[in-house]
Amino acid sequence: QQPVQSPQAVILREGEDAVINCSSSKALYSVHWYRQKHGEAPIFLMILLKGGEQKGHDKISASFNEKKQQSSLYLTASQLSYSGTYFCGTERNNAGNMLTFGGGTRLMVKP
Amino acid sequence: NAGVTQTPKFRILKIGQSMTLQCTQDMNHNYMYWYRQDPGMGLKLIYYSVGAGITDKGEVPNGYNVSRSTTEDFPLRLELAAPSQTSVYFCASSYSIGLYEQYFGPGTRLTVT
């Protein structure tokens, strides 16, 4: 079952913060986050395992709430380069190879 | 390392024609995947492989076939192309399951008319 991402789209000014959510109705083992620029392939951002861990690098971080089966991606002090579509991919209970991707959140950062 | 390469970049097919989308990776990854992405939508898994000689269906396998005779190559075959198969096709690979990132190829944009 496809995870639900919210919001579907967001417009920011440079320097503003944003939160993107990814929710599943099924128990999850891991959540992957990818960013895709228009006309390009998705690029990996980070993986979170169940256990409520939080990860991050630079000004992008994420958390995984196992009880709620929800992951959130936090973009702090956004830069123009953050523009693109963000996808979460969820893996259910160590199902192995199959990631199910959400519909994406389109982020536009303006000067 | 070239990573994951896909050919062709673009293709236009007539309804009923067949074609093979090529995918090659040079990272010695055991796991390979084929996704399709319709305009403005997320990625849907078509087929995946856990190693040479082993393939399995994903969410949307109908109308497609795959084979995996070597670790490097994972071609996707479209038989009897239909307009509903108009999409961008991405091949990806990963070192192992779950905890490892997937590396994506540049994609093949296919139009069926």
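Structure shown above.
Residues numbered from 1 in each chain as written. Chains lettered and ligands numbered in written order. Predicted model: local features only at pLDDT ≥ 70, side-chain atom pairs only at ≥ 80, totals over all residues. Heavy atoms only, no water.

Draft legend 1. Quick look at unusual backbone geometry. Of note, the bond from Ser6(A) into Pro7(A) is cis; its omega dihedral lies within 30 degrees of zero at -5°. Tracing the backbone shows Pro7(A) in the loop between β1 (4–6) and β2 (9–13). Of note, the bond from Thr7(B) into Pro8(B) is cis; its omega dihedral lies within 30 degrees of zero at -5°. With respect to the secondary-structure elements, Pro8(B) resides in the loop between β1 (4–7) and β2 (10–13). Not every positive phi belongs to a glycine, and Ala77(A) is a case in point at roughly 50°. Within the secondary structure layout, Ala77(A) lies in the loop between β8 (70–75) and β9 (84–91). On the basis of relative accessibility, which here comes to 27%, the residue Ala77(A) falls in the partly exposed class. (Helix = DSSP H or I, 4+ residues; strand = E, 2+ residues; numbered from the N terminus. Buried < 20%, exposed > 50% of the residue type's maximum accessible area, 1.4 Å probe, protein only.)

Draft legend 2. Molecular detail of the interface of chain A and chain B. Between chain A and chain B, the residue contacts involve 24 residues of the former and 25 residues of the latter. Joining chain A to chain B, the criterion identifies zero salt bridges. Secondary structure elements with two or more residues in the side of chain A that touches chain B: β4 (30–36), β5 (43–49), β9 and β10 (100–101) of chain A. Here the side of chain A that touches chain B gets four residues from one element, more than from any other, and that element is β4(A). The residue makeup of the side of chain A that touches chain B, split by class, is eleven nonpolar, ten polar and three charged. (Contact = heavy atoms within 4.5 Å. Salt bridge = Lys/Arg side-chain N within 4 Å of Asp/Glu carboxyl O. Nonpolar A, V, L, I, M, F, W, Y, C, P; charged D, E, K, R; others polar.)

Draft legend 3. Highlighting the pattern of salt bridges. Residues and elements named next belong to chain B. This model, assessed by the stated rule, comprises two salt bridges over all chains. The salt bridge involving Asp38 is made with Arg36; its shortest N-O contact spans 2.8 Å. You can call Asp38 partly exposed: its relative accessible area is 27%. One salt bridge in this structure joins Glu79 and Arg77, with 3.1 Å as the shortest N-O distance.

Draft legend 4. Summary view of the packing of aromatic side chains. The full count for this structure, using the stated rule, is nine aromatic pairs over all chains. Aromatic pair Phe101(A) and Tyr35(B): ring centres 5.5 Å apart, planes at 80°, arrangement edge-to-face. Taken together, the residues span two chains, with Phe101(A) in strand β10 and Tyr35(B) in strand β4 (residues 31–37). Each member of the pair, Phe101(A) as well as Tyr35(B), is classed as buried. Clustering of aromatic rings is evident, with ring pairs tying together Tyr34(A), Phe44(A), Phe101(A), Tyr33(B), Tyr35(B), Phe90(B) and Phe104(B). Here Arg68(B) stacks its cationic end above the ring of Phe74(B), 5.9 Å away from the centre of that ring. (Phe/Tyr/Trp six-rings, centres within 6.5 Å; stacked < 30°, edge-to-face > 60°. Lys NZ or Arg CZ within 6 Å of the ring centre and 35° of its normal.)

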